[in-house]
Amino acid sequence: MNESAPPGLDRAPRATLVQLRSFEAVVRLGAVGRAALALNLAQPTVSTQIKELAAATGLALLQPQGRGLVATPQGERLAAAARTMFAAWQQFEDDIAELQGLKRGRLRLAAVTTTEYFLPDLLGPFARAHPGIQIELAVENRDAVVARLASGSDELAAMMLPPEHLPLHRWPFLSNPLVAVAALGHPLAGRKRLALAQLLDQPLLVREAGSGTRLALERLLAERQLHWPPRMALGSNEAIKHAVRAGLGLAVLSRHTLAADPARDGLAVLPVSGFPLRRMWHLVWRKDRALSLPARTLLADLRQQLQVRARPAV
Ligand code: PGA
């Protein structure tokens, strides 16, 4: 603790804030009458405050000029000091308002299903720091998240493939490698290297229509002009993992949906050339809506967390 008083505090100012406010207005507006009008005070009240201020400081603060008043050089200094004090007070009030804004409220977020494996972790520090903010995280597939963004029901959304038709800020915040998986023990799982074309005669398991993971694979196949029609569509990453493990086919999934060691789940990542597909997750928010204070604070918090994670360990 630093017990010595900061400079100036041991000499309490003899002027009051009310006097200073009137004085600053007289200097700025050049006349007592105009200052009184601006401050919604009676003219004699302002005159008295100016006289008391001159007495308290022992300085000649104003001098007549034409039909009005101007500050003396000492008066200019005092007006400048008063403006600094009022600016500091204003800053204090703004800070308090900001803090109040984080005391209570609601923050609506949407995220694609693949982010559920890590997003709650990333939200942890913000949630702990702001217990009064109720967080609602909707977890849906890409098409549903796009629809929510279009209707404006959420402030922030996390997704791999942001839509082009909405005015969005995009922050690519984390990599989302997509990998091809097979059941552990699948004949292809033992290979050293595979071309994507070598997978095409295997049954393909995909997510439901509307999934971004499925869309990313479809785009890749279209780009490479490969034909790999889905054998089965399943409504979640977990269902796909179970089906792959049961030997029903192969799938392309986000690496984040798998355990650190996929073998523990009975799965193997296939060494397909060109894979993992390097994709990113984006945090997006609408350009045509102002973000709430909780949303801005969460963004700042995530930026900081990800910066710290990106820093090499020493
Ligand atoms: P989804 O997620 O497959 O659950 O739609 C895709 C994405 O990462 O954007």
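All values derive from a computational prediction rather than experimental measurement.

Reading the values: the criteria
- Residues numbered from 1 in each chain as written.
- Predicted model: local features only at pLDDT ≥ 70, side-chain atom pairs only at ≥ 80, totals over all residues.
- Heavy atoms only, no water.
- Domains from an automatic or database assignment.
- Contact = heavy atoms within 4.5 Å.
- Buried area = accessible area lost by both parts, 1.4 Å probe.
- Helix = DSSP H or I, 4+ residues; strand = E, 2+ residues; numbered from the N terminus.
- Nonpolar A, V, L, I, M, F, W, Y, C, P; charged D, E, K, R; others polar.
- Salt bridge = Lys/Arg side-chain N within 4 Å of Asp/Glu carboxyl O.
- 1 Å grid on protein atoms, 1.4 Å probe; cavity = no way out; pocket = protein on both sides within 12 Å on 5 of 7 lines; lining within 4 Å.
- Points joined across faces, edges and corners; volume = space filled by probe spheres on them.
- Pairing = 2+ DSSP bridges.
- Axes fitted to C-alpha atoms, helices over the stretch in contact; angles between N-to-C directions.
- Patch = residues over 30% accessible without salt bridge, like charges linked within 9 Å, V, L, I, M, F, W, Y side chains within 5 Å.
- Areas by Shrake-Rupley, 256 points an atom, 1.4 Å probe, with all protein chains shown as cover.
- Lys, Arg positive; Asp, Glu negative; His and termini not counted.
- Charge placed at Lys NZ, Arg CZ, Asp CG, Glu CD.
- Buried < 20%, exposed > 50% of the residue type's maximum accessible area, 1.4 Å probe, protein only.
- Near = heavy atom within 4 Å.
- Polar contact = N/O pair within 3.5 Å; in protein donor to acceptor, adjacent residues only side chain to side chain.
- Sits in = over half its atoms within 2 Å of the grid points.
- Core = buried A, V, L, I, M, F, W, Y, C linked by side-chain atoms within 4.5 Å.

**Looking at the domain arrangement of the protein**
- In terms of domain boundaries, the protein breaks down into domain 1 (17–79), domain 2 (80–174 + 280–310) and domain 3 (175–279).
- A separation of 32 Å is found between the C-alpha centroids of domain 2 and domain 3.
- Facing the 12 residues of domain 2 at the interface are 19 residues of domain 3.
- Per-residue buried area on domain 2 facing domain 3 is highest for Tyr117, Met160 and Leu161; these three make up 40% of the total on that side.
- When residues of the side of domain 2 that touches domain 3 are traced back to their parent elements, those giving at least two are helix H6 (142–151) and strand S12 (280–286).
- Of the residues contributing to the side of domain 2 that touches domain 3, the split by class is 7 nonpolar, 3 polar and 2 charged.

**Side note on the pattern of salt bridges**
- Following the criterion strictly, the structure yields 12 salt bridges and no others.
- A salt bridge links arginine 142 to aspartate 143, with the shortest nitrogen-to-oxygen separation between them at 3.7 Å.
- A salt bridge links glutamate 164 to arginine 170; the nearest nitrogen and oxygen atoms lie 3.6 Å apart.
- Three or more residues joined by partner-sharing salt bridges are found here, namely Glu24, Arg28 and Arg83.

**A closer look at empty space enclosed by the protein**
- Within this structure, the stated rule accounts for 3 cavities of 30 Å³ or more.
- Computed from the structure, the largest cavity encloses a volume of approximately 80 Å³.
- What lines the largest cavity is a set of 13 residues, among which Val112, Thr114, Met160, Gly212 and Thr213 lie closest to the centre.
- Per-class residue counts for the lining of the largest cavity are 5 nonpolar, 6 polar and 2 charged.
- Two domains share the lining of the largest cavity, each providing at least three of its residues, namely domain 2 (80–174 + 280–310) and domain 3 (175–279).
- Volume-wise, the second largest cavity comes out at about 70 Å³.
- If you trace the second largest cavity, you find it lined by Leu109, Ala110, Leu119, Leu123, Leu156, Ala158, Leu283, Leu298 and Leu302.
- Those elements that place two or more of their residues in the lining of the second largest cavity are strand S3 (105–112), helix H5 (119–129), strand S5 (156–159) and helix H9 (293–310).

**Some details on the sheet that holds strand S10 (residues 251–254)**
- The strand order S10-S7-S11 describes an open sheet built from 3 strands, whose pairing is antiparallel. Lying at the two open borders of the sheet, with one neighbouring strand each, are S10 and strand S11 (267–269). The average undirected angle you get between the axes of adjacent strands in this sheet is 45 degrees.
- Relative to S10, strand S7 (residues 178–183) is paired through 4 bridges, and the arrangement is antiparallel.

**Focus on a negative patch on the surface**
- On the surface, a cluster of negative charge is contributed by Glu93, Asp94, Asp95 and Glu98.
- The residue aspartate 94 is located in helix H4 (residues 73–101) in this model.
- Aspartate 94 sits in the partly exposed class, given a relative accessible area of 37%.

**Points about the site of the ligand**
- Around the ligand lies a shell of 13 residues, among which Thr113, Met160, Ser211, Gly212 and Thr213 are the nearest.
- Contacts to the ligand include arginine 207, whose side-chain N or O atom sits 3.0 Å from an oxygen atom.
- A distance of 2.8 Å is found between an oxygen atom of the ligand and a side-chain nitrogen or oxygen belonging to tryptophan 281.
- About the coverage of the ligand: the protein hides 100% of its 280 Å² of free accessible area.
- With respect to the detected pockets, the ligand is housed in the largest cavity.
- When its residues are assigned to classes, the shell around the ligand shows 4 nonpolar, 7 polar and 2 charged.

**Regarding the side chain of threonine 213**
- Note that threonine 213 resides in helix H7 (residues 212–223).
- Ignoring any residue separated from it by four or fewer positions in sequence, one finds threonine 213 in contact with Thr114, Met160, Leu178, Arg207, Val252 and Leu253.

**Considerations on the pairing of strand S2 (residues 68–71)**
- Where strand S1 (residues 62–65) meets S2, 4 bridges bridge the pair, whose relative direction is antiparallel. By the bridge assignment, glutamine 65 is partnered in S2 with glycine 68.
- Linking S1 back to S2 in an antiparallel pair, the connection comprises 2 residues, with glycine 66 at a positive phi of about 60 degrees.

**Details of the nonpolar core**
- Counting 56 residues, the largest nonpolar core has Phe173, Leu199 and Leu270 as the members making the most contacts within it.
- Both of domain 2 (80–174 + 280–310) and domain 3 (175–279) provide at least three residues apiece to this core.
- Other than its neighbours up to four places away in sequence, leucine 199 contacts Ala180, Leu188, Leu194, Trp228, Leu250, Leu270 and Val272.
- Core analysis: the second largest hydrophobic core is formed by 18 residues, Phe23, Ala25, Ala35 and Leu78 among them.

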